[in-house]
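Remarks on the overall topology
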Amino acid sequence: MAGIFVRLWRLCTTSALWRSYALRGGWSGLKGSFDFGVVVHGPEAVYSGELRETIRLLEGMGSVRAVAGGTMCRAAIIDEGLEGEVDISVCDPPSVALSSLQARVLILVNHGKTLGSGIAFGDIVAGRVARPVVQVERAFADDGVVIAWGSPSSEEPGTAERLSGHFHVGLKRMSPSPCLFYDTEGQRCRVVRCAIPGEPLFVNGTFIGIVKSPEVRIYERQGKVCRVEGVEAKETGLARLGICDIWSAMVKSGSLRERPVDACLLPVRDGAGKMAVIDHAAFASLDSVDRDTVCALTIGDDTTEVAGDVLARLGVRIIGITDGDRDGVLTRPARARGSAIFRVRGMTDDEAGAALAKVVRGRDTFDGFVKRVKCELERMGVKYEAYQ
């Protein structure tokens, strides 16, 4: 009987209607306070089973409200069928999500690429939250730990100890570091620690270069990133950042997803609808489409790769505009069946994509949009290679 229930639940949670409902808020639209407010960050904490186990333990101790932090985390929650337990309707930074939860105890579930990077991440998050935060870090790894950040509250100590004992990991008590952000010579600086040389660096979802040093410093003057240290910068990425408050920006180093996964995909959407445009903003993919979206025009090699992977979980095909400048930020990306990719020559994907976005509009079928993109590229005299 239990097996039948699981199969029925899985069938429900892999329907287009259910995912649309979950992305609009699902059960999480319920208001009120909870005993435990959980924010999960990154896909690895989901795929490893650490999030599921944390929620199960906390449910035995009281009421739980869980929300997702990050686009790849939301995709992982869809893959694991947890949309009914974790709110994926919003994608606030973890510190914002934690601060907005009405709960007695705040918990951050994370699985950093190393223990050091996970603690460094928790340090930043806890420093931005006015209340104590309990961090569950790499709980199923040999070096896993539970960290109680800030001054203990009347409710927190027992929770941190229960989590530590349940996962058989150590318990640390730490205070957020005060020196990760500072002003110098008219510039604002942000320090990124525990980076690994050779990995990509993102600011607000934009790839800005390859890490060269374990410690990275990003400098901003009058809302513009003016200098980076410890990074082989990609000038086109820095230019795309535009106005940027580096102190509040989301900064990430490393692959977007460490392990190859079997994505839980939906059948592709057919019929007429709208075409979304995702221009070097793959992290906004889920929020760029609605139930009337039949496909997405993705501009940029890595944007096409990441957005295609995320939107495949909604059955949304992409029309990718690339120029071969791929940085490889995602392991084994998925793509909705039948998606079309155009690799342009003689101009950048930025130029070609911007021109296409201005004229290929309105409503059409996926095949209709593909035909219109081809016609416009040919009218512009742009040579291209097309593939699926």
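This structure is a prediction, so every number in the text was calculated from the model and none was measured. (Residues numbered from 1 in each chain as written. Predicted model: local features only at pLDDT ≥ 70, side-chain atom pairs only at ≥ 80, totals over all residues. Heavy atoms only, no water.)

Focus on helix α12 (residues 366-379)
Put simply, the rule reads: The way it works is that DSSP assigns letters per residue, a run of H or I at least four long becomes a helix, a run of E at least two long becomes a strand, and they are numbered from the N terminus. One fewer than the residue count of a helix, multiplied by 1.5 Å, yields its expected span. Think of it in three bands: residues with accessible area under 20% of the maximum for their type are buried, residues over 50% are exposed, and the middle band is partly exposed, with areas taken using a 1.4 Å probe on protein chains only.
The end-to-end C-alpha distance of α12 is 20 Å, a good match for the 20 Å that 14 residues give at a rise of 1.5 Å each. Taken together, the buried positions of α12 are occupied by Phe-366, Gly-368, Phe-369, Val-370, Val-373, Glu-376 and Leu-377. Taken from the residues just after α12, Gly-381 is the one with a positive phi, measuring 75°.

What to know about the side chain of Ser-117
To keep it simple, the criterion reads: Under the rule applied, a polar contact is a pair of N or O atoms within 3.5 Å (in protein, one hydrogen donor and one hydrogen acceptor; residues adjacent in sequence only if both atoms are side-chain atoms). Note on definitions: a residue-residue contact is assigned when non-hydrogen atoms from the two residues lie within 4.5 Å.
Counting through the fold element by element, Ser-117 comes out in helix α7 (residues 115-127). Here Thr-114 takes part through its backbone oxygen, which lies 2.9 Å from a polar atom of the side chain of Ser-117. Ignoring anything within four residues of it in the chain, the contact list for Ser-117 reads Gly-112 and Cys-194.

Things to note about the environment of Val-329
Mapped onto the elements of the fold, Val-329 is located in the loop between β18 (317-322) and β19 (340-345). Through-space distance from the C-alpha of Val-329 to that of Leu-201 is 9.6 Å; in sequence the pair is 128 residues apart.

Looking at the side chain of Glu-199
Along the chain, the position of Glu-199 falls in the loop between β9 (187-192) and β10 (200-203). The buried category is assigned to Glu-199, whose relative accessible area is 9%. Within the local environment of Glu-199, its side chain forms a polar contact with the side chain of Ser-253, the two groups lying 2.9 Å apart. Beyond its immediate stretch of four places on either side in the chain, Glu-199 contacts Lys-113, Gly-209, Ile-210, Val-211, Ser-253 and Gly-254.

What to know about the packing of aromatic side chains
Quick note on the threshold: Note on aromatic contacts: the rings of Phe and Tyr and the six-membered ring of Trp form a pair at centre separations within 6.5 Å, being stacked when their planes are under 30 degrees apart, edge-to-face when over 60 apart, and tilted otherwise. Any Lys NZ or Arg CZ found within 6 Å of a ring centre and within 35 degrees of that ring's normal is scored as a charge over the ring.
By the definition in use, this model includes 4 aromatic pairs. Seen from their ring centres, Phe-202 and Phe-283 are 6.0 Å apart, and the 35° between their planes marks the pair as tilted. Taken together, the residues span a long stretch of sequence, with Phe-202 in strand β10 and Phe-283 in the loop between β16 (273-279) and β17 (293-299) at a distance of 81 residues. Among the aromatic residues, those joined into a cluster by ring pairs are Phe-202, Phe-207 and Phe-283. When the ring centre of Trp-247 is taken as origin, the NZ or CZ atom of Arg-188, which lies over that ring, is 4.0 Å away. Directly above the ring of Tyr-219 sits Arg-227, whose terminal nitrogen or CZ lies 3.8 Å from the centroid.

A word on the nonpolar core
Proteins that are soluble and globular tend to have nonpolar side chains buried together. Note the following rule: Here, nonpolar core refers to any group of buried Ala, Val, Leu, Ile, Met, Phe, Trp, Tyr and Cys residues whose side-chain atoms link them within 4.5 Å.
The biggest cluster of nonpolar side chains holds 33 residues, and the ones touching the most others in it are Val-40, Ile-77, Val-86 and Ile-107. In this structure, Met-72, Phe-207, Leu-311 and Ile-341 belong to the second largest nonpolar core, which totals 20 residues.

Focus on the sheet that holds strand β14 (residues 231-233)
We count it as follows: When DSSP finds two or more bridges between a pair of strands, those strands are recorded as paired. A fitted line through C-alpha atoms represents every axis, and for helices the fit uses only the stretch in contact; the resulting angles, taken between N-to-C directions, go from 0 to 180 degrees.
The strand order across the open sheet formed by 4 strands is β14-β11-β10-β15, and the pairing between neighbours is antiparallel. For this open sheet the edge positions go to β14 and β15 (251-253), each flanked by a neighbour on one side alone. Here the strands of the sheet are splayed against their neighbours by 30° on average, with no regard to which way each runs. Relative to β15, β10 runs antiparallel, the two sharing 3 bridges.

Describing the sheet that holds β19
Taking strand neighbours across the sheet as the criterion, the 6 strands line up as β20-β16-β17-β18-β19-β21 in an open arrangement whose pairing is mixed. Each of the sheet's edge strands pairs with one partner strand only, and the pair in question is β20 (363-364) and β21 (383-387). Sheet analysis places β17 next to β18, joined by 5 bridges and oriented parallel. Following the sheet pairing, Ile-299 is matched in β18 by Ile-321. Docked against the sheet, helix α10 (residues 301-311) engages β16, β17, β18 and β19, running at close to 170° with respect to β18. This element, helix α11 (residues 349-359), spans β16, β17, β18 and β19 of the sheet and lies at about 145° to β17.

Quick notes on α11
Threshold: For this quantity, the arc is that covered by the directions from the helix axis to the C-beta atoms.
For α11, the set of buried residues is Asp-349, Ala-352, Gly-353, Leu-356 and Ala-357. Down the axis of α11, the buried set is contained in an arc of 130°. They therefore lie on one face. Each element contacted by the buried residues of α11 is listed here: β16, β17, α10, β18, β19 and α12.

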